Amino acid sequence: MDGEAGVDQLRVERVFRLESGRSVATLVRIFGDIDVAEDAVQEAFAVALRRWPADGLPPNPGAWITTTARNRAIDRLRRDTRGRELLGELAKVTPADGEPEAREEEGPVEDDRLRLIFTCCHPALSTEAQVALTLRLLGGLATEDVARAFLVSESTMAQRLVRAKRKINAARIPYRVPQDHELPERLPPVLAVIYLIYNAGAADLARGELCGEAIRLTRLVSLLMPDEPEVGGLLALLLLIESRRGARFASDGSLVLLRDQDRSCWERSLIDEGQAIVRACLRRDHPGPYQLQAAINAVHADADSVPSTDWRQIVALYDQLLVVAPTPVVALNRAIAIGEVDGPAAALVLVDALDLNGYHPFHATRADLLRRLGRRGEAARAYERAALLAPSAAERDFLAAQAVAPGVSSH
Amino acid sequence: MAQYLLSVHSVEGTPREPMTDEEMQESYKRVLTLEEEMKQSGAWLFSGRLHGPDAATVVRVSDGEVLTTDGPFVESKEHLAGFYIIEAADLDAALAWGSKVTRIINAPIEVRPFAGTKS
C-alpha cells in the first residue's frame, strides 16, 4: 500500500485515529446519533485508505474526514425511510438548503468533543461502559483494541458498547456540556475514566499506548476547561507519573520500584511541565485530590534519591489529601511516607489498622515494612499474598521474586 | 420530549426512623408541593401510590384457561410502592425530578424511559 506520496497504511491509520474523535463528535452533533456518526467516520476511513496513499495527505486531514463522513452519512440516510425522516427533522432546525450546515468542519469545534466526553462519562452509565465509549469514540480505538486493553474478548466489548449506545439513545442521555452547578457531580467521572485508562496502560508494558491516550484526553479537557483546577491537577499528575514510566521497567520487562529507579532516565520535559502546572495550582489554592496527588509526585520529582526526598512535605500533603479523600488507599500511602520519616515500626502500626485485605499494594507494603524490621518469614508470606492478588504479570513476577529474595526468604 | 417512569421502590423490613404524625404531615405536604411544581412545569402526566403486595392478585393463562391466584407476581422483599409518569427533554431533566422525589420520600427511585415516546 505504499503510495508515491509516501503515505503508507500505517501513517493513514495513525493520522486517522488522532483526528477521528473530533469528526465523530461533530457528526454526533449534526445527526444526533452515535451509530450514524461512527459508521460514517468508519466509511471515511475506508476512503482515506484508498485515496491518501495515492494523493497524499489532505492539507487538513481532520476537516477532510468530517466532510467525507458527513457526505457519506447523508448519502446513506437518503437510502432508507427512517434516515430520510431524520434528515427531514434536521432540515427543520438547520436553515441551509435542506442539508445540514456545510461550515461546521471549519473553525474550532472543540466543544463537540467536550460534549461527547460528558455523554460517554454520564453517571447513568457503568464505569466499564464509560471507559469503553471514551476510548472507542474519542480515542478512535478499534473495538478489538479496547477489548485487548481491558482483557475481555472482542465480542464482550462489542456487546458492552452496543448496550451503552442503546441506553444513551433510549434514555436520552444528553449531548451537552454540563452547566457550572452540575460540574461537581459530572466532572469527577470524566477524570476518573481518564485516570483509569492511564492506570490500565501503566500497569502493563504491552498496553503502554493507553498512557499516551489518557494524557491526550486530559490535555483536551484541560484546553477546553481551563478554569477547572482539578483538570489541571490530573494533567500534572499524569505527566509526572509518565515522566518515570521509562524507568519503571527493566530491559527484561520486570518492575523497578521508585527507590531503585535510575532517576537520570526520568523525562525532564514532562517533569518541568507537570511541576509548572502544580505551581499554578498552588497559586490558585483550590486544592482537590488530583492536585494534591500531583503535588506529592512533584516532590518526588525534585529529589535525586529516596533518602534526599522531602518526606515531611509528602506526609503533610497526604494529611491534606486524607481530608478531601478519606479512603484507606490514601491512608496506606500516607503510612508509607510515615515509614520514611518515623521508621518502619511506626508505619506498620498504621498499615495493620487498615481494612485492605483484597488490595495487593497493602500486602506489598506490609511485606516491605516487615522485611525492614527483620521479620523475614512474615515478609515472605506477605509478598506471596501480594503476588497472588496482583493484576498484571509484571507486578506478579516482581512480588513473587521478592518473596524468595535474599534477606526475605527464611529458607 | 420523552416520557419516563419514576418508580418508587420500597424494601420490606428496612429499618426506618419512625415518623411522628407531624413529620408525616410535613412530608406529605412536601410531596404535594412537588407534584404541584411538576404540573406547573408540564412534566407531570400521571402518578399514583399503590397498596402493599398483599393486596395484589395475579391472572395468567394456563392450559387455555385464565387462572387467578393470590399474591404479587414475584415474591420479593422489594416492591413497587408508587410511581410518576413524567415528560422530560432528556435523561438529565428526568433525573432532576427523580432526585427531588427521592430527597422527599427517602426511598430509591428508578428512572426508566418509555419505549416509542420520543418526539
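Definitions and cut-offs
- Residues numbered from 1 in each chain as written.
- Chains lettered and ligands numbered in written order.
- Predicted model: local features only at pLDDT ≥ 70, side-chain atom pairs only at ≥ 80, totals over all residues.
- Helix = DSSP H or I, 4+ residues; strand = E, 2+ residues; numbered from the N terminus.
- Buried ≥ 20, exposed ≤ 12 C-beta atoms within 10 Å, placed from the backbone.
- Contact = placed C-beta atoms within 7 Å.
- pLDDT = per-residue confidence, 0-100.
- Pairing = 2+ DSSP bridges.
- Axes fitted to C-alpha atoms, helices over the stretch in contact; angles between N-to-C directions.
- Parallel < 35°, antiparallel > 145°, perpendicular 65-115°, else oblique.
- Left-handed = near helix turned anticlockwise from the far one by under 90°.
- Nonpolar A, V, L, I, M, F, W, Y, C, P; charged D, E, K, R; others polar.
- Expected span 1.5 Å × (residues − 1).
- Arc of directions from axis to C-beta.

### Section: the overall build of chain B
In terms of regular secondary structure, chain B is built from 2 helices and 6 strands. Its helices and strands taken in sequence order, chain B reads β-α-β-β-β-β-α-β from the N to the C terminus. Summarising its shape, the C-alpha atoms of chain B cover approximately 50 × 45 × 20 Å along the three principal directions. The buried share among the 119 residues of chain B stands at 15%. For chain B, the proportion of contacts with a sequence separation of at least 24, taken over those separated by at least 6, is 75%.

### As for the overall build of chain A
Looking only at helices and strands, chain A features 20 helices and 0 strands. The burial tally for chain A puts 40% of its 411 residues in the buried class. Considering only contacts within chain A whose residues lie at least 6 apart along the sequence, 60% involve residues at least 24 apart.

### Re the confidence of the model for chain A
Across chain A, the average pLDDT comes to 88, with 93% of residues at 70 or higher. Low pLDDT, under 50, characterises residues 95-109 of chain A; the predicted model gives this stretch 17 contacts beyond four residues in sequence or across chains.

### Some remarks on unusual backbone geometry
All names here are of chain A. You will see that Arg172, though not glycine, has its phi angle at about 60°, which is positive. Taking the C-beta count within 10 Å as the criterion, Arg172 has 20 such neighbours and is therefore assigned buried. Here the phi dihedral of Asp285 falls at roughly 60°; this positive angle occurs in a residue that is not glycine. Within the secondary structure layout, Asp285 lies in the loop between helix H13 (268-284) and helix H14 (289-302). The exposure class of Asp285 is exposed, given the 8 C-beta atoms found within 10 Å.

### Structural notes on the environment of A:Ser155
Residues and elements named next belong to chain A. Within the secondary structure layout, Ser155 lies in helix H8 (residues 154-170). The class of Ser155 is exposed, set by 10 C-beta atoms lying within 10 Å. For the pair formed by Ser155 and Leu238, sequence separation is 83 residues and the distance between their alpha carbons is 31 Å.

### Structural notes on the pairing of strand E3 (residues 57-62) of chain B
Residues and elements named next belong to chain B. Buried residues are scarce in E3, accounting for 0 of its 6 residues. Of the strand pairs in this sheet, E3 and strand E4 (residues 65-70) are connected by 6 bridges, and their pairing is antiparallel. Directly across from Thr57, in E4, lies its bridge partner Asp70. Where E3 folds back onto E4 in an antiparallel hairpin, the turn is made up of 2 residues, including Asp63, whose phi is positive at roughly 50°.

### Some thoughts on the packing of helix H15 (residues 311-324) of chain A against helix H16 (residues 328-342) of chain A
Residues and elements named next belong to chain A. Two elements in contact, H15 and H16, have axes whose closest approach is 9 Å; the angle formed by their N-to-C orientations is 160°. Taken together, the axis directions place H15 and H16 in an arrangement best described as roughly antiparallel. Like other packed secondary-structure pairs, H15 and H16 cross with a definite hand, here left-handed. On the side of H15, the interface is formed by Trp311, Arg312, Ile314, Val315, Tyr318, Leu321 and Leu322, while H16 contributes Val330, Ala331, Asn333, Arg334, Ala337, Ile338, Glu340 and Val341. Of the residues assigned to the contact of H15 with H16, the class counts are 11 nonpolar, 1 polar and 3 charged.

### A look at the packing of helix H9 (residues 183-202) of chain A against helix H11 (residues 229-242) of chain A
Residues and elements named next belong to chain A. Interaxial distance between H9 and H11 falls to 11 Å at its minimum, and their mutual angle equals 5°. Relative to H11, the element H9 is oriented roughly parallel. Within the contact between the two elements, H9 uses Leu187, Leu191, Ile194, Tyr195, Tyr198 and Ala202 and H11 uses Glu230, Val231, Leu234, Leu238 and Ile241. When the residues that make up the contact of H9 with H11 are grouped by side-chain class, the tally is 10 nonpolar, no polar and 1 charged.

### Quick notes on helix H18 (residues 360-372) of chain A
All names here are of chain A. An ideal rise of 1.5 Å per residue puts 18 Å on 13 residues; H18 measures up with 19 Å between its terminal C-alpha atoms. The buried fraction of H18 amounts to 10 of the 13 residues, a majority that puts the element mostly inside the structure. Three or more residues of H18 are buried, namely Phe362, His363, Ala364, Thr365, Arg366, Ala367, Asp368, Leu369, Leu370 and Arg371. Contacts made by the buried residues of H18 are with H16, helix H17 (344-352), helix H19 (376-389) and helix H20 (393-403).

### Observations concerning the environment of A:Ala149
Residues and elements named next belong to chain A. Within the secondary structure, Ala149 is located in helix H7 (residues 143-149). Residue classification places Ala149 among the buried positions, given that 23 C-beta atoms sit within 10 Å. Spatially, the C-alpha atoms of Ala149 and Glu209 are 9.4 Å apart, while their sequence positions differ by 60 residues. The contact partners of Ala149, leaving out residues within four places of it in the chain, are Leu135, Ala200, Arg207 and Leu210.

### Regarding the sheet that holds strand E1 (residues 2-11) of chain B
Residues and elements named next belong to chain B. The antiparallel open sheet is built from 4 strands, whose spatial order is E2-E5-E1-E6. Two strands bound the open sheet, and with one partner strand each, they are strand E2 (44-49) and strand E6 (109-113). Across the sheet, the axes of successive neighbouring strands diverge by a mean angle of 20°, strand direction being ignored. One ladder, built from 10 bridges, connects E1 with strand E5 (residues 78-88); its direction is antiparallel. The partner of Leu6 across the bridge, within E5, is Tyr84.

### Things to note about H17(A)
Residues and elements named next belong to chain A. Considered for burial, the residues of H17 that qualify are Pro344, Ala347, Leu348 and Val351. The buried residues of H17 occupy an angular sector of 105° when the element is viewed end-on, so they sit on one face. Those residues of H17 that are buried are in contact with H16 and H18.

### Description of the confidence of the model for chain B
In the predicted model, chain B carries a mean pLDDT of 90, and 94% of its residues have values of at least 70. Listed scores for the predicted complex are pTM 0.84 and ipTM 0.86.

### Points about the environment of A:Ala394
Residues and elements named next belong to chain A. Relative to the assigned elements, Ala394 resides in helix H20. It is 8.6 Å that separates the C-alpha atoms of Ala394 and Phe249, two residues lying 145 residues apart in sequence. Contact partners of Ala394, with chain neighbours within four places excluded, come to Asp204, Leu205, Phe249, Gly253, Ser254 and Leu255.

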